[in-house]
Amino acid sequence: DSGVTQTPKHLITATGQRVTLRCSPRSGDLSVYWYQQSLDQGLQFLIQYYNGEERAKGNILERFSAQQFPDLHSELNLSSLELGDSALYFCASSVGTGGSGSGNTIYFGEGSWLTVV
Amino acid sequence: AQKVTQAQTEISVVEKEDVTLDCVYETRDTTYYLFWYKQPPSGELVFLIRRNSFDEQNEISGRYSWNFQKSTSSFNFTITASQVVDSAVYFCALRSHGAGSYQLTFGKGTKLSVIP
């Protein structure tokens with residue numbers, strides 16, 4: 001158990017809908033990351049938050065957004081869903097930002113399986 | 001730009017055989033961090049090891065060992081006396097030091113099947 005909690009574990013929704021994925025980082029971790037894993041793209045970085053502020057953006061679509069709340073949990077919002085958005089979405093956390101060179105290990109949750117039909 | 005290459009897409013071994021998973025990385029940074037993660041069939045990503053670029057000492061943890069060679073930009077992972085529970089997809093990942101380089105860059109993964 002990594003200590004990173006993600007809900008829901010499985011989600012099936014229709015095209016055009018909107019869903020919210022939730023993540024609670026490990027106790028004491030200030031950074032939260034979101035990754036998408038699909039068969040064709042592999043593991044792709046979406047976005048990172050550190051202590052409530054956005055720190056880095058990767059290949060995140062404009063239809064997707066995220067935020068980190070004062071209690072450090074994070075939510076990833078996916079809207080106007082398309083079939084191609086079906087994937088495993090991971091949340092991960094680390095103590096620091098990584099940008100300072102601390103090289104903090106990033107621990108991943110169990111993922112949220114999203115199926116768009 | 002950062003890149004991680006895991007040339008072996010799939011490997012099958014018979015239980016108790018040793019197996020080495022290859023990882024080659026590219027980065028222009030002099031300080032960076034290398035990781036291995038395991039993804040069993042259940043889907044979660046399990047952290048296995050982190051290695052700093054300034055520490056080339058190889059590491060052994062039980063049946064697992066890692067060989068880090070900066071000269072060849074490789075960070076290979078060996079499982080000794082493989083077991084069925086080792087069946088999973090293994091990912092090598094790179095994280096560079098420096099502003100803007102916060103995220104992990106993953107390889108495509110190597111699917112290991114251990115046959116009883």
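Residues numbered from 1 in each chain as written. Chains lettered and ligands numbered in written order. Predicted model: local features only at pLDDT ≥ 70, side-chain atom pairs only at ≥ 80, totals over all residues. Heavy atoms only, no water.

1. Let's talk about the packing of aromatic side chains
- Scanning the entire structure with this criterion turns up 21 aromatic pairs over all chains.
- A connected cluster of aromatic rings, assembled from ring pairs, spans Tyr35, Phe45, Phe90, Tyr107 and Phe108 of chain A together with Phe35, Tyr37, Phe47, Phe91 and Phe106 of chain B. (Phe/Tyr/Trp six-rings, centres within 6.5 Å; stacked < 30°, edge-to-face > 60°.)

2. Examining the confidence of the model for chain B
- Looking at chain B, the pLDDT average stands at 91 and 95% of residues meet or exceed 70.
- When mean pLDDT is compared element by element in chain B, strand E3 (residues 19–21) of chain B scores highest at 98, while strand E7 (residues 59–61) of chain B scores lowest at 85. (pLDDT = per-residue confidence, 0-100. Helix = DSSP H or I, 4+ residues; strand = E, 2+ residues; numbered from the N terminus.)

3. A few points about the nonpolar core
- If you look at the biggest cluster of nonpolar residues, it comprises 23 residues, and the most contacted ones within it are Trp36, Phe75, Phe77, Tyr90 and Leu112 of chain B.
- At the level of elements, strand E2 (10–14), E3, strand E5 (32–39), strand E8 (64–69), strand E9 (74–79), strand E10 (88–96) and strand E12 (110–115) of chain B are the ones that each hand at least two residues to this core.
- It is E10 of chain B that provides the largest number of residues to this core, a total of 4 residues.
- Not counting residues within four places of it along the chain, the set of residues in contact with Phe77 of chain B comprises Val19, Thr20, Leu21, Trp36, Leu48, Tyr64, Ser65, Trp66 and Tyr90 of chain B.
- The next biggest cluster of nonpolar side chains, apart from the first, holds 20 residues, and it includes Val4, Trp34, Ala66 and Leu114 of chain A. (Core = buried A, V, L, I, M, F, W, Y, C linked by side-chain atoms within 4.5 Å. Buried < 20%, exposed > 50% of the residue type's maximum accessible area, 1.4 Å probe, protein only. Contact = heavy atoms within 4.5 Å.)

4. Some thoughts on the layout of surface pockets
- Approximately 530 Å³ is the volume attributed to the largest pocket.
- Lining the largest pocket are 26 residues; nearest its centre among them are Gln37, Ser38 and Leu39 of chain A together with Gln39 and Phe91 of chain B.
- Looking at the lining of the largest pocket, the elements that each hand over two or more residues are strand E4 (31–38), strand E5 (42–50), strand E9 (87–94) and strand E11 (112–116) of chain A together with E10 and E12 of chain B.
- The element contributing the most residues to the lining of the largest pocket is E11 of chain A, with 3 residues.
- When its residues are assigned to classes, the lining of the largest pocket shows 10 nonpolar, 12 polar and 4 charged. (1 Å grid on protein atoms, 1.4 Å probe; cavity = no way out; pocket = protein on both sides within 12 Å on 5 of 7 lines; lining within 4 Å. Points joined across faces, edges and corners; volume = space filled by probe spheres on them. Nonpolar A, V, L, I, M, F, W, Y, C, P; charged D, E, K, R; others polar.)

5. Quick notes on the state of the cysteines
- The full count for this structure, using the stated rule, is 2 disulfides over all chains.
- Linked covalently through their sulfurs, Cys23 of chain A and Cys91 of chain A form a disulfide whose S-S length is 1.8 Å. Across the S-S bond linking Cys23 of chain A and Cys91 of chain A, the dihedral sits near -60 degrees, which makes this disulfide left-handed. Placement of the pair is Cys23 of chain A in strand E3 (residues 19–24) and Cys91 of chain A in strand E9, with a sequence separation of 68 residues. With respect to class, Cys23 of chain A is no different from Cys91 of chain A; both count as buried.
- Between the sulfur atoms of Cys23 of chain B and its disulfide mate Cys92 of chain B the distance is 2.0 Å. Disulfide Cys23 of chain B-Cys92 of chain B: torsion about the S-S bond near -65 degrees, hence left-handed. With Cys23 of chain B in the loop between E3 and strand E4 (24–26) and Cys92 of chain B in strand E10, this pair connects stretches of sequence that are 69 residues apart. (Disulfide = S-S within 2.5 Å.)

6. Considerations on unusual backbone geometry
- Following Thr7 of chain A, the chain continues to Pro8 of chain A via a peptide bond in cis, the omega torsion being -10 degrees.
- Unlike most non-glycine residues, Leu72 of chain A shows phi in positive territory, near 80 degrees.
- On the secondary structure map, Leu72 of chain A appears in the loop between strand E7 (64–68) and strand E8 (74–78).
- Residue classification places Leu72 of chain A among the buried residues on the basis of a relative accessible area of 16%.
- Of note in this structure, Ala81 of chain B is not a glycine but carries a positive phi near 50 degrees.
- When you line up the elements, Ala81 of chain B lands in the loop between E9 and E10.
- A relative accessible area of 31% means that Ala81 of chain B is categorised as partly exposed.

7. Details of the pairing of E7 of chain A
Residues and elements named next belong to chain A.
- On E7, burial follows the alternation: Phe64, Ala66 and Gln68 on one face are buried, whereas Ser65 and Gln67 on the facing-out side are not.
- As paired strands, E7 and E8 are joined by 5 bridges and run antiparallel to one another. Each bridged residue has a counterpart across the sheet, and for Ala66 the counterpart in E8 is Leu76.
- Linking two consecutive strands that pair antiparallel, namely E7 and E8, is a turn of 5 residues; a positive phi of about 80 degrees is found at Leu72 within it. (Pairing = 2+ DSSP bridges.)

8. Some remarks on the environment of Asn76 of chain B
Residue and element names in this part refer to chain B.
- Tracing the backbone through its elements, the reader meets Asn76 in strand E9.
- For Asn76, a relative accessible area of 18% gives the class buried.
- If sequence neighbours within four positions are ignored, Asn76 has contacts with Thr20, Leu21, Asp22, Cys23, Trp36, Ser65, Trp66 and Asn67.
- Among the polar contacts made by the side chain of Asn76, one reaches the main-chain amide nitrogen of Cys23 at a distance of 2.9 Å. (Polar contact = N/O pair within 3.5 Å; in protein donor to acceptor, adjacent residues only side chain to side chain.)

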